[in-house]
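Per-entry structural report
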Amino acid sequence: MHVFPGGVVEDGADGDLSAWADILPPHMLVLPQLSDRIAALRETFEECGIHYESLRNPREQHCAPLSEAERDSWRRRIRADARQFLEFVRTTARTPPCVDAVLPWAHWITPAHEPRRFDTRFFIAVMPCAGATAVPSTGGAPFFSARASALGPDAPDAHVEIDSVLWATPADVLRRAARSSVTANSGRDIALMPPQYVILRELLNLSLNDVRVRIAADPGAIRPTASRPCQPVPLLCPEDGSVLLFPGDYQYPDSLLNTSDTPTSPSSRNDKQKNRIKLSKDPVDGLFNYEIVVSAGNDAMGAVAPEKHSSRL
């Protein structure tokens, strides 16, 4: 199963905003979802070896990379104690972590019937290539860049919480996870959960420049789909079989639109607008195939190009 880098918000580390007040400049301290942003940066460094830090001087280039030994030593320390991320920033960074370089993108909650549930926020950021020019933002916000000692298909010392690290474009991941990659003798080499699938579909319609512009224009901006939780609702219906319903679908429970946790009754709407994922289990590898089904102009997930109202995986 392939997922994005991530983990839980550690109150004593990411949520200790009094400690971060000594490190982050004032304009960063007022950003929405600050603890979540810090956790996202910490987990990305811990799991992938990538550390985003601010560059206040527009003439300043990327910080010199850490050695592999230094980087992996800090990653081990942070994995054992998340509070070490604060110490890492204080000790090694010339400037604060770039919490304004990550864009809140989505907010998913596991369906109510699952025994183990997660309340997860997703962020996106631009990963500059080595030697690339730092990207400026307006309003006096700092420049940002990223620092890493190795960018590749795997990061040393990564095999504690994860098996491997994969760098790939959204299109490549979706291709490798598609049902078309299944043969009579073997299954696909990438398996995705619905949140990862939907977000990758969204990113297909987004260029790197789009992300840069959005972040530079307003680092505190939150995408609408990141400000309201998305809780899929499973349903077995005669029309489409097994589906996951999303807000905007005519059968999505009204109670969840009011942030209630337990669905009570189907929506009374009768416009028959659809915003759902059809599920079917593949007979070869046993993984689910996904098909996004939306009505014209009702793609609340933003995962399907306007001219296509059905997208298969």
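Placed above this text is the structure.
Bear in mind that the values here come from a model prediction, so they are computed numbers and not experimental data. (Residues numbered from 1 in each chain as written. Predicted model: local features only at pLDDT ≥ 70, side-chain atom pairs only at ≥ 80, totals over all residues. Heavy atoms only, no water.)

1. Considerations on the pattern of salt bridges
Applying the stated criterion across every chain yields a total of 14 salt bridges. With a shortest N-O distance of 3.6 Å, glutamate 46 and arginine 42 are connected by a salt bridge. A residue pair is termed a helical-turn pair when its members lie 3 or 4 positions apart in one helix, as glutamate 46 and arginine 42 do in helix H3 (residues 34–48) at four residues. Across the pair, arginine 42 and glutamate 46 agree in class, each one buried. Through salt bridges that share partners, Glu239, Asp240, Asp249, Lys274 and Arg276 make up one connected network. (Salt bridge = Lys/Arg side-chain N within 4 Å of Asp/Glu carboxyl O. Helix = DSSP H or I, 4+ residues; strand = E, 2+ residues; numbered from the N terminus. Buried < 20%, exposed > 50% of the residue type's maximum accessible area, 1.4 Å probe, protein only.)

2. Observations regarding the packing of aromatic side chains
To describe a pair of aromatic rings, you give the distance between the ring centres and the angle between the ring planes. By the definition in use, this model includes seven aromatic pairs. Where tryptophan 108 meets phenylalanine 246, the ring centres are 5.5 Å apart and the plane angle is 70°; that geometry is what we call edge-to-face. Residue tryptophan 108 is located in strand E2 (residues 103–109), and its partner phenylalanine 246 is located in the loop between strand E6 (241–245) and helix H10 (254–257); the two are separated by 138 residues in the primary sequence. What links up through ring pairs into an aromatic cluster is the set Trp20, Phe45, Trp74, Phe85 and Phe88. (Phe/Tyr/Trp six-rings, centres within 6.5 Å; stacked < 30°, edge-to-face > 60°.)

3. What to know about H3
Spacing of three or four residues puts side chains on the same side of an α-helix, whose turn is 3.6 residues. Look at H3: 21 Å from first C-alpha to last across 15 residues, which is about the 21 Å you get at 1.5 Å a residue. For H3, a buried count of twelve out of 15 residues is recorded, marking the element as mostly surrounded by other parts of the structure. Those residues of H3 lying buried are Leu34, Ser35, Arg37, Ile38, Ala39, Leu41, Arg42, Glu43, Phe45, Glu46, Glu47 and Cys48. Positioned one or two residues after H3, glycine 49 has a phi angle of 80°, which is positive. (Expected span 1.5 Å × (residues − 1).)

4. Side note on the pairing of E6
Bridge count between strand E5 (residues 233–237) and E6: five bridges; the pairing is antiparallel. Residue pairing in the sheet places leucine 236 in a bridge with serine 242 of E6. Following E5, the chain reverses through three residues before pairing antiparallel with E6. One ladder, built from three bridges, connects E6 with strand E7 (residues 275–281); its direction is antiparallel. The partner of valine 243 across the bridge, within E7, is lysine 278. (Pairing = 2+ DSSP bridges.)

5. Details of the packing of helix H6 (residues 170–177) against helix H7 (residues 194–204)
Here H6 crosses H7 at 135°, and the two axes come no closer than 9 Å. When the axes of H6 and H7 are compared, the pair comes out oblique. As H6 packs across H7, the resulting crossing turns out to be left-handed. On H7, the residues touching Pro170, Ala171, Val173 and Leu174 of H6 are Tyr197, Leu200, Arg201, Leu203 and Leu204. (Axes fitted to C-alpha atoms, helices over the stretch in contact; angles between N-to-C directions. Parallel < 35°, antiparallel > 145°, perpendicular 65-115°, else oblique. Left-handed = near helix turned anticlockwise from the far one by under 90°. Contact = heavy atoms within 4.5 Å.)

6. Brief notes about the side chain of aspartate 240
The topology assignment puts aspartate 240 in the loop between E5 and E6. A distance of 3.1 Å separates polar atoms of two side chains, one belonging to aspartate 240 and the other to lysine 274. A distance of 2.9 Å separates polar atoms of two side chains, one belonging to aspartate 240 and the other to arginine 276. Setting aside its immediate chain neighbours within four residues, aspartate 240 contacts Lys274, Arg276 and Lys278. (Polar contact = N/O pair within 3.5 Å; in protein donor to acceptor, adjacent residues only side chain to side chain.)

Scope: geometric values only; no functional claims are made or implied.
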